[in-house]
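# Architecture and fold: a report
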Amino acid sequence: MQKWVYTFGGGKADGNAEMQALLGGKGANLAEMSSLGLPVPPGFTITTEVCAYFYDHGRAYPKSLKAEVEGALGAIGSLAGAKLGDPARPLLVSVRSGARVSMPGMMDTVLNLGLNSRTVEGLVKLGGHARFAYDSYRRFIQMYANVVLGMEHSLFEEILDEERAEKGVDLDTDLEAADLARISERFREMIKKTLGKPFPDDPDEQLWGAIGAVFGSWNSARAKTYRKLHGIPEDWGTAVNVQAMVFGNRGATSATGVAFTRDPATGEKILYGEYLIDAQGEDVVAGIRTPQPISKKVRERQGGKKPSMEEAMPEAHAELARIASTLEKHYRDMQDVEFTVQDGTLYMLQTRAGKRTAESALKIAVDMEREGLIDKKLAIMRVEPAALDQLLHPTLDPSAPKEQIAAGLAASPGAATGEVAFTADEAEKMAADGRDVILVRTETSPEDIHGMHAAKGVLTARGGMTSHAAVVARGMGRPCVTGAGMLKIDVALGTLKVGAVTVTRGDVITIDGATGQVFKGRVPMRRPELTGDFAILMGWADEVRKLKVRANADTPADALHARTFGAEGIGLCRTEHMFFDGERIIAVRQMILADEEVDRKAALAKLLPMQRSDFTAIFKVMEGLPVTIRLLDPPLHEFLPNKDEEIAEVARAAGGDPAKLRQRAIALHEANPMLGHRGCRLGITYPEIYEMQARAIFEAALAVEREGGKPVQLEIMIPLVGFRAELDDLKSKIDETARVVEREHGRVPRYLVGTMIELPRAALLAGEIAQSAQFFSFGTNDLTQTTLGMSRDDAGLFLAQYLSKGILKRDPFVTLEQKGVGELIQIAAARGRQARPDLKLGICGEHGGDPDSIRFCHDIGLDYVSCSPFRVPVARLAAAQATLTNKPV
C-alpha cells in the first residue's frame, strides 16, 4: 500500500534530505535534522503526492490518508506527552507548507492548532501561564480565520487596534491575559456574525481544515506568480508538515527567530539573523515588530540599543551557534534556519539552503573552497549565473550630493531610483507605462509580489532583515531598505512623511540597499568594479568551460565594457547603430533617398571616414581578438526622415528638391519591413553600401596594424541570407573590395566571410550555404520570429496568456525555444559542419546571455555565444556550469 505520511522526531525519521521531491524541502530537512539528533519537535509530513491527488480528485484525499494521519498524531503525542483535543494535556500543532524549493511567504501556515475554550483552560492549568495561553489562542483564531475561513486579516487587526488604544499601549506584548481572553471572544463573535456559523472547536475539524488550506494555497494567486517568476513547475505541488508546537511567546525566557549561518548579503562568516523575545514565528517575518539582531557584532554595527540574542540569551545563542556549524558542515552550504526558544531550551524548526545575494554567493563559494568544505567545481555550481546581474548594475556615486531623508536596514544590496508608488497594483501599472518605480509600503505581504517584481526597489517602514520584503527582494535582486520606522505612510492620501519632508505619489526618491539610506530625488550612480571573489570564481569558470563568450558591441565604449567583463571577442557589431548621430544620419538619409548611383556614392563617401574611424577605435580596444561585423541590416525606412524639417535638412545637404525627396520616402515605405528590403537584399540592390563598409573595415584593420596594434581577427557577416547565391554575390564583391584595398595599400588583412542564420530556409539548407560561408552566427532573435511566426514587438499582446495556459513554458524571446527553433539550429550546425568541418558556429541574439539557452548551445557543440557586455559574466559562468553538467543533445 502506498505510503502517504512520513514521521520524524525522537532522533528518528522515515525520510531524509534526499527526498525533497516527495517530502518537500522543509519535510526532508526536518527528517534529516531529526536523524542527526538535533532538537526537532516531533511531527509528520504529508507527501507532495497527496497534493497531486488532491487536485486530480476534486480536492479529495486518498482513502488511507486519514488512518495514517491518526497514527502519526499518536506518535507525536507519545513523544510530546500530550494528545490533540485533550483538555488536561492538550497537544498543539503547527500546519505548514513545504514545496521542494523554498517559496518564502507564498503559501499558508496555521499555528497553535488544537486550541478551543476547553483546551485553552487546560493549557493555563498545565503551565500556570494565562497570558501565554490566551495569546496563543487569539493568534490561532486570527490565523485560522484568515487562512482557512477566508476572512480578511484587517478585520482582526481593527479589534486589536481598538483594544490597544483602550489600554493605552502600542504593542500586543503589553496586553494582559484578561485582555487577550476578551479579544479571543470578540474574534469568535465577529466570525459567527460574518460567516453565520461558529468558529470550529473540534480539533480534528481544525486539522483537516488547515491541511486543505495549505494544499489549496499551492494554487493561490501569489504562489502562481512566484512560480512563474522563478520557473517552478506547476505540477511539483507542496507537502504539508504537521509538527508539535513549541512556544516562543511564553515570556522573557522564550523567543523565536530566523538565522543564517553566514551573512546572506555579504557572505561574511557570522551567525546572522534576528529574533524576538516573547513572540511566535510570524512576528519575525511579518514585520509587525522590528526584531533584534542575533549577534552582538551586528547589533553594534547597526547602532541598536536593545540586546542581541548573544547578550540576552547567551546559553541558547551558544547552542544555536553549535547547531549552525553542524548543519553547515553537514550540508556543505550556507543554511537558513528557523528556531524557537521555549523557557530557555532551543528547538530547531527548519533548515534550508539560504537565499543570498550574488556578492554573498561569490564569497561563500570561494570561502568554502578555501575552508575545504567544497571543491572548485561545486563552488562554480553554487552561484546562480543570472544572479550575477546584481553585481553588474550601478551603485550610488559617493561623491554626488545627496539629501538623505530616512534610514532603515540594508536588506538587499544595490541602489535604485524611481517614482514612488504606494501599492503593488500602482507599481505594476507605472512600470508598464515605462516608468522606474520604488514601491513604498508600511510592510510588504506575499500579495505584493507582482508590484515588487515591477519595481526597481522596495522601501518599507517596518520589518527586519528576514522580513518578507527583504527575503523576496534579495531573491529577485531588487535593492531593498526595510525597518525605516520614521516613515509615516498614508496610502489613501498618497504621501510619505519624514519629519518636515513630504513625498507624494510620483515623486522621485533613491534608495541604497547596501547602506539602508533613503534620499530625496535622483542620485547619480557609478558602474561596478569586479575584483576579489568575482575574479577568483570567474577564473575557475574559465578553466572549466569549453564554450567561448563574446559580446555584442557597437561602440568603443561597449567594447571596453565587454573586455572588462571578460569577453573573448565581439560576436556582433551592428554597423547601423553607428549611423544615427548628427551629421551621419543626414548622410545616410541622403544615400537612401538618392535616385542615382552616383548620388548614393557621393553620400557614402562622406560616411566612409566615419565608419573607418569607428572600426579603428573598436579594433584597438579588442587587441587582436575576433570581431564579427554585421553589414547593414535593418530596413531603410528606419533611417528615413519623417518630419518636413528633417526632409528639408537632407535636401539642403544633397542640393535636392524637398518635394522629390518626400515622394522618394513614400515610395520606400514597406508593409512588412521585417521581411522586406533589408539585410543582404540591401547589399544586392545597392552593392555600393556593402562595398563602402568592407573598405572601411579593411582600412581600419590596416591602420591599427600600422600603428603597432595586434592583427585583427576579422569576420565579416552578411545578414538575412536565405540562398547560397545571395551569399556568393555579396562575398564576391567583398573579395573584390579586398583586392582593391590590397592594390592601394600593398596588403589586406586576413578575413573570413560568413552569414547570420536567421531564416528557416537557411537553417535547412545550411550544407549548401556552408560551401561559401566560413562561419555561421545564429541570429536567434529573428530566427525565433521567423520560425514561430511571432513578432517580438507585438508578442506581448498574447504571450502572458500562452505562458499561463502552458502553451509556452518560457518566453521564447528570453529563453531559446528548443523544440522548434533549437531543432533548426541543430540541423544547421550538423549540415553546415558536414559540408565544412572547420565551420565556426555561434549565436548572437539576446539568448546568448540566457543561462538555459547557453546550456543548449554548449550541448549541441557551438563554439561561442555572444551577448550584451553586462551579461558576459553570466554567460561565462553558465558555460562553465554547462560543461560540468554536460548532457549532449
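Refer to the structure above for everything that follows.
### So, the overall build of the chain
Secondary structure assignment for the chain yields 34 helices and 32 strands. What you see for the chain is a C-alpha radius of gyration of 32 Å, in line with the 29 Å of a compact globule of 889 residues. In terms of principal-axis extent, the alpha carbons of the chain reach across some 105 × 65 × 50 Å. Counting the 889 residues in the chain, one finds 56% classified as buried. Within the chain, counting contacts between residues at least 6 apart in sequence, those at least 24 apart form 68% of the total. Counting every atom, the chain has about 35800 Å² of accessible surface; 50% of that belongs to carbon and sulfur.

### Some remarks on the environment of Pro307
Here Pro307 is to be found in the loop between α11 (296–302) and α12 (309–312). Taking the C-alpha atoms as reference points, Pro307 and Gln292, 15 residues apart in sequence, are found 7.2 Å from one another. Excluding residues that lie within four positions of it along the chain, Pro307 makes contacts with Tyr275, Gln292, Arg299 and Ala312.

### Here we look at the sheet that holds strand β8 (residues 272–277)
Ordered in space as β9-β8-β7-β10-β11, the five strands form an open sheet in which the pairing is antiparallel. Each of the sheet's edge strands pairs with one partner strand only, and the pair in question is β9 (292–293) and β11 (345–353). In this sheet, β11 lies alongside strand β10 (residues 335–342) in antiparallel orientation, the contact comprising eight bridges. Across the sheet, residue Val337 finds its bridge partner in β11, namely Thr351.

### A closer look at unusual backbone geometry
In the Ramachandran plot, Asn112 falls in the positive-phi region, its phi being about 65° despite a non-glycine side chain. With respect to the element layout, Asn112 can be found in strand β5 (residues 109–113).

### Here's the deal with helix α6 (residues 153–167)
One turn of an α-helix holds 3.6 residues; hence residues three or four places apart share an orientation. The terminal C-alpha atoms of α6 lie 22 Å apart, and with 15 residues this matches the ideal 21 Å at 1.5 Å per residue to within 8%. Considering only its buried residues, α6 is in contact with α5 (130–147) and α7 (177–195). Trailing α6 by a residue or two, Gly168 shows a phi angle of about 70°, which is positive.

### Regarding the pattern of salt bridges
Taken as a whole and judged by the stated rule, the model has 58 salt bridges. Of the charged contacts in the structure, one is a salt bridge between Glu162 and Arg186, with a shortest N-O distance of 2.6 Å. Of this pair, Glu162 sits in helix α6 while Arg186 sits in helix α7, and the two are 24 residues apart along the sequence. For Glu162, a relative accessible area of 43% puts it in the partly exposed group.

### Brief notes about the nonpolar core
Leu537, Phe619, Ile718, Phe776 and Leu862 are the most contacted members of the largest nonpolar core, which has 126 residues in total. The biggest single contributor to this core is helix α26 (residues 687–706), with 11 residues.

### Description of the packing of aromatic side chains
This structure, assessed with the given rule, holds 15 aromatic pairs. With 4.9 Å between their ring centres and 90° between their planes, Phe156 and Phe187 make a pair best called edge-to-face. Of this pair, Phe156 sits in helix α6 while Phe187 sits in helix α7, and the two are 31 residues apart along the sequence. In terms of burial, Phe156 and Phe187 fall into one category: buried. Members of the aromatic cluster, each reached through a chain of ring pairs, are Phe54, Tyr55, Tyr61, Trp208 and Phe215. Over the face of the ring belonging to Trp218 we find Arg227, whose NZ or CZ atom lies 3.9 Å from the ring centre.

### Things to note about the sheet that holds strand β15 (residues 415–421)
Taking strand neighbours across the sheet as the criterion, the eight strands line up as β13-β23-β22-β15-β16-β17-β18-β14 in an open arrangement whose pairing is mixed. Each end of this open sheet is capped by a strand with a single partner; those strands are β13 (404–407) and β14 (409–412). Recorded for the sheet is a direction-independent mean angle of 30° between the axes of neighbouring strands. Here strand β22 (residues 508–512) pairs with strand β23 (residues 517–520) via four bridges, running antiparallel. Bridging across to β23, Ile509 finds its partner in Lys520.

### Things to note about the environment of Met313
Locating Met313 in the fold gives a position in the loop between α12 and α13 (314–331). Those residues within four positions of Met313 in sequence are excluded, and the remaining contacts are Ala252, Thr253, Ser254, Ala255, Ile277 and Val341.

About the thresholds
Residues numbered from 1 in each chain as written. Predicted model: local features only at pLDDT ≥ 70, side-chain atom pairs only at ≥ 80, totals over all residues. Heavy atoms only, no water. Helix = DSSP H or I, 4+ residues; strand = E, 2+ residues; numbered from the N terminus. Rg over C-alpha atoms; globule rule 2.2 N^0.38 Å. Buried < 20%, exposed > 50% of the residue type's maximum accessible area, 1.4 Å probe, protein only. Contact = heavy atoms within 4.5 Å. Areas by Shrake-Rupley, 256 points an atom, 1.4 Å probe, with all protein chains shown as cover. Pairing = 2+ DSSP bridges. Expected span 1.5 Å × (residues − 1). Salt bridge = Lys/Arg side-chain N within 4 Å of Asp/Glu carboxyl O. Core = buried A, V, L, I, M, F, W, Y, C linked by side-chain atoms within 4.5 Å. Phe/Tyr/Trp six-rings, centres within 6.5 Å; stacked < 30°, edge-to-face > 60°. Lys NZ or Arg CZ within 6 Å of the ring centre and 35° of its normal. Axes fitted to C-alpha atoms, helices over the stretch in contact; angles between N-to-C directions.

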